[in-house]
2 protein chains.
Amino acid sequence: METFDVTYRIDAPASDVDARAEAVLLEQTVETPAAVAQAYPFVRDHMMGRIQEITPHPGGGFRVVLALPLPTAIADAAQFVNVLFGNASLHADVVLEDFTLPAAVARLLVGPRHGLAALRIATGVAERPLTCSALKPVGLTVDEVARLCRRLAEGGIDIIKDDHYLADHPFCPFDARVRACQAAVDEVAARTGHRTLYAPNLSGPPDAVRRQAETAQALGVRVVMAAPMLLGLPTFHALVRDALDVPILAHPAFAGALRIRPAALLGKLFRLYGADAVIFASFGGRFSLSPAACGDLADALRAPWDGMRAALPAPAGGMTVERVSELVAFYGNDVMLLVGGSLLLAGEAVSERTRAFTEAVAGAARS
Amino acid sequence: METFDVTYRIDAPASDVDARAEAVLLEQTVETPAAVAQAYPFVRDHMMGRIQEITPHPGGGFRVVLALPLPTAIADAAQFVNVLFGNASLHADVVLEDFTLPAAVARLLVGPRHGLAALRIATGVAERPLTCSALKPVGLTVDEVARLCRRLAEGGIDIIKDDHYLADHPFCPFDARVRACQAAVDEVAARTGHRTLYAPNLSGPPDAVRRQAETAQALGVRVVMAAPMLLGLPTFHALVRDALDVPILAHPAFAGALRIRPAALLGKLFRLYGADAVIFASFGGRFSLSPAACGDLADALRAPWDGMRAALPAPAGGMTVERVSELVAFYGNDVMLLVGGSLLLAGEAVSERTRAFTEAVAGAARS
């Protein structure tokens, strides 16, 4: 039986945990009473998985490692998530903590097509942390968005991304916005020599997202953004595989709702499904992730993993210029700091404020 | 300002709830400090939303109703979810409870194309509850699956669905399985006069799912199944809109992980995105939903809703023949009872056990 290991945290008392682990094992495999499954030799030998380990979890409850059948997990990009956490997600006492990566899944999903190193090459940033900001609030016209894009680029930022609420709006159409923002960063590059990359947000059903990807690349865009949990992981993966020649930043919208350890979802799964960089809500901002959870997440994106390309962690969500040195000290140089609203508060002085941000990052880079 | 109401439960003390509500409002709208957004007249007037109401929640914390901007919500099928719960999902103290349906969203998403009434017509069941079972465990060959399908059909079941782990497997390929199972239900219908519908599971990236939908319909299939949260809601919706002429059953895999009230996600959102029937883990089985939560969910699927078609609730997850009368008394006649593993335990007597199930349902139907 070919299997791979999946780790859950089960919030059950010691007296119940064996039965709960058996129940989760059945749920993630044959989903019938064991007697039904055992009547079929192939099912009994290849599809039932087994309990590998049950140990106390430091956070309470138990850490349960199951060996789950590989043949079902590698059927397609939706089934891998299904085998990891399809029905188990319906059990309120179960959290998905981690999984090992079988070679067959790595071949199916591949991971980042570009990754951290390619983002360094595309931005021309050899060693220091990268910088990123956002075009917001939603509601700006194309001219207003493009003007903001130009001002941020003049401040020396590396990547400027659309707000995740920027879609194909009548008040700010996708094609016109992408054309204007790409022209803005091109103009600044020609004038100042600093190349900023503009990352439009791709949103909608699969056909629309694919069309947006084609349009953006035809207009010279060198990086894009999308939210895997809004689109669906298999749709995000098909986009990366079939429609993109440029790196993609993954936005975490709708991802915090899941009862999955952030390092497993935003770290390992997003990387596995092809994200080249992953934006996440860092500690110390307006969200509630702990420093330890953020460190685990960043490590999951960058750690060696069976030859898969590393992805770039992009901590965000209420970051400020004042926190740059703390963040670089914590995350290291292989990071992209995303500061949005706090730069925009400078109003007409946004270029100068952005310059202060990019200079702070250059100064804080670890040698 | 055109807005629609979204209700959250925020787990905060009374002293903090105003500030938390303001923070969630900014998160779901302009995602910048308010001062940044207010500098743009269009944004200030149309994009900032407002707090409608803050009242104690009977379950603890507060019920916070926000009026959120419609222009961003109707941009596309991904943005509606984004505006409902994109970044708010990242806040551990926030649960999505409910939303109102603006006419513009109803026009964008339409809801079920067929619905409860069409499933009654397709199965020929005028008034009693419908019956459903599942082809499992995964690991059966095409011949074994088809044989099980025939035995269940001989028991008089209305709909037989694939297990949600049944995808396009080398050991049970999609096309061969669909052909064999459809032939099995056709043969039983010709022989006995009882028409069972077979519902294959569609799984994978958008192109694969679409191809499977086309193949299944070409082979005479009259109903299909897919898991909206595995595929992504916009992908599920595009499938319904562009590739299906037959009803679709929505499977809840990966949906329980979300911090969304089940009636809002499996009830309202699944219906809105086009599910004709929704399978859910009923109380009293191996999952943890309460009777009240199940009742709310079933009501959300069937209640009048601005002219949208009603969807059929399909309680599942450890149901048994012995519980039929209790379940019909609770859910009423407009329900489809899904009994899977418990029928399969009968082994070679599965047709007889299925007959007991279908007769129990006929007997329990409310007059």
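Figured I'd write up the structure that's included with this text. Everything numeric here is computed off the predicted structure, so don't read it as measured data.

What follows deals with the overall build of chain A. The secondary structure content of chain A amounts to 17 helices and twelve strands. Computed over C-alpha atoms, the radius of gyration of chain A comes to 22 Å, within 12% of the 21 Å expected from 2.2 N^0.38 for 367 residues, which places it in the range of a compact globule. A principal-axis box enclosing the C-alpha atoms of chain A has dimensions of 70 × 40 × 35 Å. Summarising the internal contacts of chain A: among those between residues at least 6 apart in sequence, 75% fall at separations of at least 24. Carbon and sulfur atoms make up 53% of the accessible area of chain A, which totals about 11800 Å². One finds the centroid of the 33 positive side-chain charges in chain A at a distance of 5 Å from the centroid of its 39 negative side-chain charges.

Inspection of every chain in the model, using the stated rule, returns 17 aromatic pairs over all chains. With a centroid separation of 6.5 Å and 25° between ring planes, the pair formed by Tyr 8 of chain A and Phe 85 of chain A is classed as stacked. Of the two residues, Tyr 8 of chain A sits in strand β1 (residues 3-10) while Phe 85 of chain A sits in helix α5 (residues 77-85), which places them 77 residues apart along the sequence. Each of the two residues, Tyr 8 of chain A as well as Phe 85 of chain A, counts as buried. Here the aromatic rings of Phe 280 of chain B and Tyr 331 of chain B are separated by 5.9 Å at their centres, their planes lie at 70°, and the arrangement is edge-to-face. You can see Phe 280 of chain B sitting in strand β10 (residues 277-281) and its partner Tyr 331 of chain B sitting in helix α15 (residues 324-331), a full 51 residues away along the chain. Judged by its relative accessible area of 4%, Tyr 331 of chain B is buried. Three or more aromatic residues joined by ring pairs form one cluster here, namely Phe 4, Phe 80, Phe 99 and Trp 305 of chain A. The lysine or arginine in question, Lys 268 of chain A, covers the ring of Phe 99 of chain A, its NZ or CZ lying 4.7 Å from the ring centre.

Turning our attention to the sheet that holds strand β2 (residues 50-56) of chain A. Residues and elements named next belong to chain A. Spatial strand order, β2-β3-β1-β4: four strands in an open sheet with antiparallel pairing. The sheet terminates laterally at β2 and β4 (94-99), the two strands that pair on one side only. Strand-to-strand twist of the sheet, defined as the mean angle between neighbouring strand axes without regard to direction, takes the value 25°. Across the face of the sheet, helix α1 (residues 17-27) comes into contact with β1, β2, β3 (62-69) and β4 while running at roughly 30° to β3. The strands that α5 touches are β1, β3 and β4; relative to β1, the one it contacts most, it runs at about 50°.

A few words now on helix α17 (residues 350-364) of chain B. An α-helical segment advances 3.6 residues per turn. Residues three or four places apart therefore align on the same side. Residue and element names in this part refer to chain B. Between its terminal C-alpha atoms α17 stretches 21 Å, which fits the 21 Å expected from 15 residues at 1.5 Å a residue. Taken together, the buried positions of α17 are Val 350, Ser 351, Thr 354, Phe 357, Thr 358, Val 361 and Ala 364. Looking down the long axis of α17, one finds its buried residues gathered within 160° of arc, a one-sided arrangement. When the buried face of α17 is taken as reference, the exposed residues oriented beyond 90 degrees from it are Glu 359 and Gly 363. Where α17 is buried, its residues touch β5 (130-135), α8 (142-154), α15, β12 (336-338) and α16 (341-344).

With that out of the way, let us pick up the pairing of strand β6 (residues 159-162) of chain B. All names here are of chain B. Both β5 and β6 contribute to a ladder of four bridges, which runs parallel. Opposite Ser 133, over in β6, you have Ile 160 as the bridge partner. Considered for its hand, the β-α-β crossover made up of β5, α8 and β6 is right-handed. Here three bridges tie β6 to strand β7 (residues 197-199), and the two strands are oriented parallel to one another. Opposite Lys 161, over in β7, you have Ala 199 as the bridge partner. For the crossover that starts at β6, traverses helix α9 (residues 174-192) and ends in the parallel β7, the hand is right-handed.

Relative orientation and spacing of two packed helices are given, respectively, by the angle between their axes and the distance between those axes. Residue and element names in this part refer to chain A. It is at 9 Å that the axes of helix α8 (residues 142-154) and helix α9 (residues 174-192) come closest, and there the two elements cross at 25°. As the angle between them shows, α8 and α9 are arranged roughly parallel. Seen from above, α8 lies across α9 with right-handed handedness. For the pair α8 and α9, contact is made by Val 142, Val 145, Ala 146, Cys 149, Arg 150, Ala 153 and Glu 154 and by Ala 176, Arg 177, Ala 180, Cys 181, Ala 184, Val 185, Glu 187, Val 188 and Arg 191, respectively. In terms of residue class, the contact of α8 with α9 is built from eleven nonpolar, no polar and five charged.

Taken as a whole, this structure holds four cavities of 30 Å³ or more when the rule is applied. When its volume is computed, the second largest cavity comes out at roughly 60 Å³. Contributing to the lining of the second largest cavity are 13 residues, with Gln 79 of chain A together with Asn 201, Leu 202, Ala 227 and Leu 230 of chain B lying nearest its centre. Taken together, the elements giving at least two residues each to the lining of the second largest cavity come down to α5 of chain A together with α11 (228-231) of chain B. At three residues, α5 of chain A tops the list of elements feeding residues into the lining of the second largest cavity. Partitioned by chemical class, the residues of the lining of the second largest cavity number seven nonpolar, six polar and no charged.

The next thing to look at is helix α7 (residues 115-123) of chain A. If you check which residues of α7 of chain A are buried, you get Gly 115, Leu 116, Leu 119, Arg 120 and Thr 123 of chain A. With its phi angle positive at about 75°, Gly 124 of chain A sits one or two positions after the end of α7 of chain A.

All right, on to the environment of Val 81 of chain B then. With respect to the element layout, Val 81 of chain B can be found in helix α5 (residues 77-85). Residue class for Val 81 of chain B comes out buried when judged on its relative accessible area of 4%. C-alpha of Val 81 of chain B to C-alpha of Val 94 of chain B: the two residues are 13 residues apart in sequence and 15 Å apart in space. If near-sequence neighbours (up to four positions away) are discounted, Val 81 of chain B is found in contact with Leu 230 and Phe 254 of chain A together with Gly 86, Leu 233 and Tyr 273 of chain B.

For the rest of this paragraph, the subject is the relation of the copies chain B and chain A. Aligned on chain A, chain B shows an RMSD of 0.0 Å; the corresponding rotation is 180° and the shift along the axis is 0.0 Å. Such a combination of turn and shift is consistent with a two-fold rotation axis. Every residue of chain B has its C-alpha some distance from the rotation axis, and the shortest such distance is that of Gly 232 of chain B, at 1.8 Å.

Criteria and thresholds
Residues numbered from 1 in each chain as written. Chains lettered and ligands numbered in written order. Predicted model: local features only at pLDDT ≥ 70, side-chain atom pairs only at ≥ 80, totals over all residues. Heavy atoms only, no water. Helix = DSSP H or I, 4+ residues; strand = E, 2+ residues; numbered from the N terminus. Rg over C-alpha atoms; globule rule 2.2 N^0.38 Å. Contact = heavy atoms within 4.5 Å. Areas by Shrake-Rupley, 256 points an atom, 1.4 Å probe, with all protein chains shown as cover. Lys, Arg positive; Asp, Glu negative; His and termini not counted. Charge placed at Lys NZ, Arg CZ, Asp CG, Glu CD. Phe/Tyr/Trp six-rings, centres within 6.5 Å; stacked < 30°, edge-to-face > 60°. Buried < 20%, exposed > 50% of the residue type's maximum accessible area, 1.4 Å probe, protein only. Lys NZ or Arg CZ within 6 Å of the ring centre and 35° of its normal. Pairing = 2+ DSSP bridges. Axes fitted to C-alpha atoms, helices over the stretch in contact; angles between N-to-C directions. Expected span 1.5 Å × (residues − 1). Arc of directions from axis to C-beta. Right-handed = clockwise from strand over helix to strand, strands pointing away. Parallel < 35°, antiparallel > 145°, perpendicular 65-115°, else oblique. Left-handed = near helix turned anticlockwise from the far one by under 90°. Nonpolar A, V, L, I, M, F, W, Y, C, P; charged D, E, K, R; others polar. 1 Å grid on protein atoms, 1.4 Å probe; cavity = no way out; pocket = protein on both sides within 12 Å on 5 of 7 lines; lining within 4 Å. Points joined across faces, edges and corners; volume = space filled by probe spheres on them. Least-squares fit on C-alpha atoms with pLDDT ≥ 70 in both.

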